Amino acid sequence: MRAAVLRGGTVEARVIDDPVPGPGQLLVRSLACGICASDLHFMDHPEAGADDDSGMSTYDQDVDIVMGHEYCAEVVGHGPRTERRIPVGTRVSSLPVLTIAGGRRIIGQNPESPGGFGEYFLLTEAITRVVVSDLPSEIVCVADAISVGWSTASRAQVTTREMPLVIGCGAIGLSVIARLKRLGVGPVVAVDFVASRRDTALAMGADVVVDPAGISPYRAWRDVARGPAEGMKDLLAGAGLPGCVVFECVGVPGVLDSVIKGCERGTRIFSVGGPPAGDHLHTLTAKRKGLNIQFGGGPSMAHWDEAFEPVCSGSLDVGPMLGRTVGLDEVPEALDAARDAGGPTRIVVVP
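About the criteria used
- Residues numbered from 1 in each chain as written.
- Predicted model: local features only at pLDDT ≥ 70, side-chain atom pairs only at ≥ 80, totals over all residues.
- Heavy atoms only, no water.
- Helix = DSSP H or I, 4+ residues; strand = E, 2+ residues; numbered from the N terminus.
- Rg over C-alpha atoms; globule rule 2.2 N^0.38 Å.
- Buried < 20%, exposed > 50% of the residue type's maximum accessible area, 1.4 Å probe, protein only.
- Contact = heavy atoms within 4.5 Å.
- Areas by Shrake-Rupley, 256 points an atom, 1.4 Å probe, with all protein chains shown as cover.
- Lys, Arg positive; Asp, Glu negative; His and termini not counted.
- Charge placed at Lys NZ, Arg CZ, Asp CG, Glu CD.
- 1 Å grid on protein atoms, 1.4 Å probe; cavity = no way out; pocket = protein on both sides within 12 Å on 5 of 7 lines; lining within 4 Å.
- Points joined across faces, edges and corners; volume = space filled by probe spheres on them.
- pLDDT = per-residue confidence, 0-100.
- Salt bridge = Lys/Arg side-chain N within 4 Å of Asp/Glu carboxyl O.
- Arc of directions from axis to C-beta.

What the protein contains, in helices and strands, is 12 helices and 18 strands. At 21 Å, the protein has a C-alpha radius of gyration in line with the 20 Å of a compact globule built from 351 residues. With the C-alpha coordinates aligned to their principal axes, the bounding extent of the protein is approximately 60 × 40 × 35 Å. Of all 351 residues assigned to the protein, the portion counted as buried reaches 54%. Here the contacts in the protein between residues at least 6 apart in sequence split such that 72% fall between residues at least 24 apart. On the protein, roughly 14500 Å² of surface is accessible, and the fraction owed to carbon and sulfur atoms is 52%. The distance from the centre of the 31 positive side-chain charges to the centre of the 42 negative ones in the protein is 8 Å.

Right, dumping it as C-alpha cells:
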C-alpha cells in the first residue's frame, strides 16, 4: 500500500507492506483522516514515546510508523476470531486503540498499529462503530477530535453557579465549547490570539471571545462575571457571582502556569493541553489559591460514542473546523501547515 511514513523524524509518501489483521481485528481502507496536534507532538518529541512505559505510544525512529488517529474508514476484510458483524463495504470509525497480543496500542503512534495516513490500517472489531450517516467522511473523521473536549467538558460537571473560561480555540478547545453549549452552560468565554480561531469559537457556541494580546483573559472573565451584558443576564440570573472553571487547551509551556497565577481563588482547572517536554508550575501559588487541577486523559468509550453520534447525525455542525483536504504526497507539507496557528483547525488527509 501507499502511505505517508514517519521514519527518522521525517515523513514521506512511499509504498510499504499492507497490514494483516490479527485475531479480533478488521482490515479497513482509510477514507479520511484529520491531522491532529498530537501527530506533531509525537513526531517532534520522540523522547516522549521513549518515556511511555505503557507501550501504547512508541516512537522508534529506525522503523516505519504511519500516523493518523482521527479517521473514517471502510471495512475491507476480517481477521481470525472476529464476529463479522460489520459487513465489508461499511463505513466505520473507532476510538483509536488497537488490541494486539502484547496489549493495547494507540493507532498511528506505534509501529504495530498503523494509522489513517496510509491506504489501509487495522481496527479492533469490538470497539468499531458503524457510521450511520450520509455525511462526507471528511466530516465524520472529526468525531475523534470532538470526543476529547466533549469528554473533558462532561467530566467537569460545570454547575449553574460556575462560568467557564476556555483557553485556546484549537480543535480541543472548540469541542469543549460545543459540549458546554449543548449542556446549557454559559456564558462561555473563549480565548485565542488568532482572530480566525475566535470566529470559529463563536460559530461553535462561545458567547464571548477574547484576544489576550489586548486584555487579560482573567480580567475579561471577571468583567463578564461581574457585569454581564444585557443579553447575558438571563444566563446568570439567580446564580450570583459564579465560580471559575478554566479549560486549558493549548499545550504550550507556560500556559498552565499562567492560568495558576492569573485565575480566581478556588478555580477548577481542567488541563487538556500537554507540552511533550513538560512544564514548570507554581504549585505554592496553586495551594494558596486553593486551586483544583485535573489533567486530561483520553475520552472514555461512552464519551467517545456520545460525541460520535451528533457529528454523524449532523446535529453538531463541525464544518467551521474544517480546512482543505490533501493526498498522501501532500502530507509532509500539510503537517508543516498544521503548525500554523492561523491555519484551519483541521486539515484532512484523503489517501
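As a further point, take empty space enclosed by the protein. All told, the structure shown has 1 cavity of 30 Å³ or more when counted by the stated rule. Of the volumes computed, that of the largest cavity is approximately 30 Å³. Taken together, Leu165, Tyr218, Trp221, Arg222, Cys244, Gly262, Cys263 and Glu264 form the lining of the largest cavity. With 3 residues, helix 7 (residues 217-226) is the largest single contributor of residues to the lining of the largest cavity.

Per-chain confidence: the protein averages 92 in pLDDT, with 94% of residues scoring 70 or above. Ignoring residues within four places in sequence, the model shows residues 229-233, a span with pLDDT below 50, making 5 contacts including any to other chains. This stretch, residues 235-239, has a pLDDT under 50; its non-local contacts, to residues over four places away or in other chains, come to 12 contacts.

In this section: helix 9 (residues 255-262). Each α-helix turn comprises 3.6 residues. Residues three or four places apart therefore point the same way. With 6 of 8 residues buried, helix 9 is to be regarded as a mostly interior element. Those residues of helix 9 that sit buried are Val255, Leu256, Asp257, Val259, Ile260 and Gly262.

Looking at where Asp192 falls in the secondary structure, it is placed in the loop between strand 12 (189-191) and helix 6 (195-203). The buried charged residue Asp192 lacks any salt bridge, with Arg197 as its nearest oppositely charged partner at 4.9 Å. Ignoring anything within four residues of it in the chain, the contact list for Asp192 reads Gly168, Cys169, Gly170, Arg197, Arg198, Val210, Asp211 and Pro212.

On to helix 12 (residues 331-338), then. Turning to helix 12, its buried residues number three or more, namely Val331, Ala334 and Leu335. The arc that holds the buried residues of helix 12, viewed along the axis, is 105 degrees, so those residues lie on one side.

So, on to the pattern of salt bridges. For the structure shown, the criterion picks out 19 salt bridges. With a shortest N-O distance of 2.7 Å, Asp329 and Arg2 are connected by a salt bridge. On the criterion of sequence distance, the pair formed by Asp329 in the loop between strand 17 (322-326) and helix 12 and Arg2 in strand 1 (residues 2-7) is long-range, its members being 327 residues apart. Assessed through its relative accessible area of 57%, Asp329 is described here as exposed. Across the salt bridge formed by Glu264 and Arg226, the nearest N and O atoms sit 3.6 Å from each other. Taken together, the positions of Glu264 in the loop between helix 9 and strand 15 (268-271) and Arg226 in helix 7 put the pair 38 residues apart, joining distant regions of the chain.

This part is about unusual backbone geometry. Each neighbour pair has its own omega, and for Gly186 with Pro187 the value is 0 degrees, a cis peptide bond. Structurally, Pro187 is set in the loop between helix 5 (171-182) and strand 12. Backbone geometry places Arg81, a non-glycine residue, at a positive phi of 55 degrees. In this structure, Arg81 sits in the loop between strand 5 (70-78) and strand 6 (91-94). Backbone geometry places Arg84, a non-glycine residue, at a positive phi of 55 degrees.

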